[in-house]
Protein chains: 2
Amino acid sequence: MKVYLAGPDVFLPDPLGMAARKRAICAAHGLTGIFPVDNHPAHPGTGDTPLWLHIYRRNEAHMRDADAVIANLTPFRGPSADPGTVYELGFMRALGKRLAGYSNAAAGLLPRTRAALGDAASRDAEGRWRDAEGMALEDFGLGDNLMIDGGLHEAGGVFIRRDVPEAERWTDLAAFEACAKALAAAR
Amino acid sequence: MKVYLAGPDVFLPDPLGMAARKRAICAAHGLTGIFPVDNHPAHPGTGDTPLWLHIYRRNEAHMRDADAVIANLTPFRGPSADPGTVYELGFMRALGKRLAGYSNAAAGLLPRTRAALGDAASRDAEGRWRDAEGMALEDFGLGDNLMIDGGLHEAGGVFIRRDVPEAERWTDLAAFEACAKALAAAR
């Protein structure tokens, strides 16, 4: 089973080190991990295709080729997951692939959003939480936006959330390994 | 052409009013707008399906039935678009549908992320912007994460970004109408 390794891990100082760690965990469970930068032909530096589009096309090709995705949904610069990863989760769901997701933050979306908004969040006359622009806060007791939790649910996939020390948010792979185990068991 | 109207508009104080406005603009350009809450059978309040899952399944069905999507990618509680909308954009791209996106913020992702991070963003030894956790900032001169811009590009879709007065960020539909025009012209 080929597993696309989606996540903001590509923004780490050493993305190739993380790729090696994730691939080793996959291999230990009989899975083949595909990290976004894998088999990345060097961009020629010339021609009509800018680097960002080269990367986009490579990621799409990786996803179409994979059987499953493990998405790192740890909150990224806000209450929700990295948008590139979320795009990829929706993409893989539409293709009918197996999905698994994890977050190194156990708290649900509502408490995280309230923490991020601070005094800008308040209850309206009906008791619904709203931000300073009047936009409602999702309040379903889920891990992230309902499209994320819903896609994982409908695909029969796990969404594993656990707290880790703040400094290990981007390096702790226990929840990632639990996803790999779940995919291996579902094979 | 049936067009799914994705966006955090569902969180507005009057989502049905926005649905009516967007549908009217679509109709003026020969398109049929489908707002997420359309044809929403009332949740029975009993049974095994929680409301959030009922909503997820309805949104998936709307997307599979639609020919295109217009995604409101205006930054939502952070430097990037609403994650539910981004999931839906990836989903529609994988299904090979027509895509269009708009943002009522003209600035690109890098300046928006730097503004959100403030002093927490700094250049590393190679001159690359990183946040306080060492995670790199995307710097491709795009409107949002490259998966978003890339998906729109690969589908031949527009990504229309324009500034509007802050108070009209969630109500100004000029960029939305430009997307409707682009889809109608591509028909």
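Look up a bit, the structure's there.
In this report, the structure presented in the accompanying data block is examined. The model shown is predicted, which means the values in this text are computed figures rather than measured ones.

Remarks on the sheet that holds strand 3 (residues 68-72) of chain B
Residues and elements named next belong to chain B.
1) Next: Overall, parallel pairing links the five strands, which are arranged 2-1-3-4-7 in an open sheet. The sheet terminates laterally at strand 2 (32-34) and strand 7 (159-161), the two strands that pair on one side only. Averaged over all adjacent pairs, the angle separating strand axes in this sheet is 20°, with direction ignored.
2) Next: Across five bridges, the pairing between strand 3 and strand 4 (residues 98-103) is parallel.

A word on helix 6 (residues 174-186) of chain B
Residues and elements named next belong to chain B.
1) Next: Across its 13 residues, helix 6 extends 19 Å between first and last C-alpha, which sits within 8% of the 18 Å expected from 1.5 Å per residue.
2) Next: Ala-175, Phe-176, Cys-179, Ala-180 and Leu-183 are the residues of helix 6 that are buried. The arc that holds every buried residue of helix 6, seen down its axis, measures 150°, which confines them to one face.
3) Next: Residues of helix 6 that are buried sit in contact with strand 1 (2-6), helix 1 (15-28), strand 3, strand 4 and strand 7.

Quick notes on the interface of chain A and chain B
1) Next: If you look at the interface, chain A gives 44 residues, while chain B gives 44 residues.
2) Next: Looking at the side of chain A that touches chain B, the elements with two or more residues in it are helix 2 (51-65), helix 3 (83-94), helix 4 (109-117) and helix 5 (146-154) of chain A.
3) Next: Of the residues contributing to the side of chain A that touches chain B, the split by class is 26 nonpolar, 11 polar and seven charged.

Overview of helix 3 (residues 83-94) of chain B
All names here are of chain B.
1) Next: The terminal C-alpha atoms of helix 3 lie 17 Å apart, and with 12 residues this matches the ideal 16 Å at 1.5 Å per residue to within 8%.
2) Next: With 12 of 12 residues buried, helix 3 lies mostly within the body of the structure.
3) Next: Residues of helix 3 that are buried: Pro-83, Gly-84, Thr-85, Val-86, Tyr-87, Glu-88, Leu-89, Gly-90, Phe-91, Met-92, Arg-93 and Ala-94.
4) Next: Positive phi shows up at Gly-96, right after helix 3, with a value of about 75°.

Examining unusual backbone geometry
1) Next: The backbone of Arg77(A) sits at a positive phi, close to 55°, despite the residue not being glycine.
2) Next: Structurally, the position occupied by Arg77(A) is in the loop between strand 3 (68-72) and helix 3.

Concerning the packing of helix 3 of chain A against helix 5 (residues 146-154) of chain B
1) Next: One way to put it is that helix 3 of chain A packs onto helix 5 of chain B with a least axis distance of 8 Å and a crossing angle of 45°. The orientation of helix 3 of chain A with respect to helix 5 of chain B, classified from their angle, is oblique. Of the residues in helix 5 of chain B, those in contact with Pro83(A), Gly84(A), Tyr87(A) and Glu88(A) of helix 3 of chain A are Leu146(B), Met147(B), Ile148(B) and Gly151(B).
2) Next: Its residues assigned to classes, the contact of helix 3 of chain A with helix 5 of chain B shows five nonpolar, two polar and one charged.

A few points about the relation of the copies chain A and chain B
1) Next: Note on the copies: chain A fits chain B at an RMSD of 0.0 Å, the axial shift is 0.0 Å, and the rotation between them is 180°. Here the copies are linked by what is in effect a two-fold axis.
2) Next: Of all interface residues in chain A, 100% are interface residues in chain B too; the two copies therefore contact each other through one and the same surface.

Focus: the environment of Arg114(A)
All names here are of chain A.
1) Next: Note that Arg-114 resides in helix 4.
2) Next: With 18 C-beta atoms counted inside 10 Å, the residue Arg-114 sits in the partly exposed group.
3) Next: A C-alpha to C-alpha distance of 8.8 Å links Arg-114 and Asp-131, two positions 17 residues apart in sequence.
4) Next: With near-sequence residues (within four places) excluded, Arg-114 lies in contact with Ala-121 and Trp-129.

Remarks on the pairing of strand 4 (residues 98-103) of chain A
It is a general feature of regular strands that their side chains alternate between the two faces of the sheet.
Residues and elements named next belong to chain A.
1) Next: Burial analysis of strand 4 places six of its six residues in the buried class, which makes it a mostly covered element.
2) Next: The two faces of strand 4 match: Arg-98, Ala-100 and Tyr-102 on one face and Leu-99, Gly-101 and Ser-103 on the other face are all buried.
3) Next: Sheet topology places strand 4 next to strand 7 (residues 159-161); three bridges connect them, and they run parallel. Note that in strand 7 the partner of Ser-103 across the bridge is Arg-161.

Rules and cut-offs
- Residues numbered from 1 in each chain as written.
- Chains lettered and ligands numbered in written order.
- Predicted model: local features only at pLDDT ≥ 70, side-chain atom pairs only at ≥ 80, totals over all residues.
- Pairing = 2+ DSSP bridges.
- Helix = DSSP H or I, 4+ residues; strand = E, 2+ residues; numbered from the N terminus.
- Axes fitted to C-alpha atoms, helices over the stretch in contact; angles between N-to-C directions.
- Expected span 1.5 Å × (residues − 1).
- Buried ≥ 20, exposed ≤ 12 C-beta atoms within 10 Å, placed from the backbone.
- Arc of directions from axis to C-beta.
- Contact = placed C-beta atoms within 7 Å.
- Nonpolar A, V, L, I, M, F, W, Y, C, P; charged D, E, K, R; others polar.
- Parallel < 35°, antiparallel > 145°, perpendicular 65-115°, else oblique.
- Least-squares fit on C-alpha atoms with pLDDT ≥ 70 in both.

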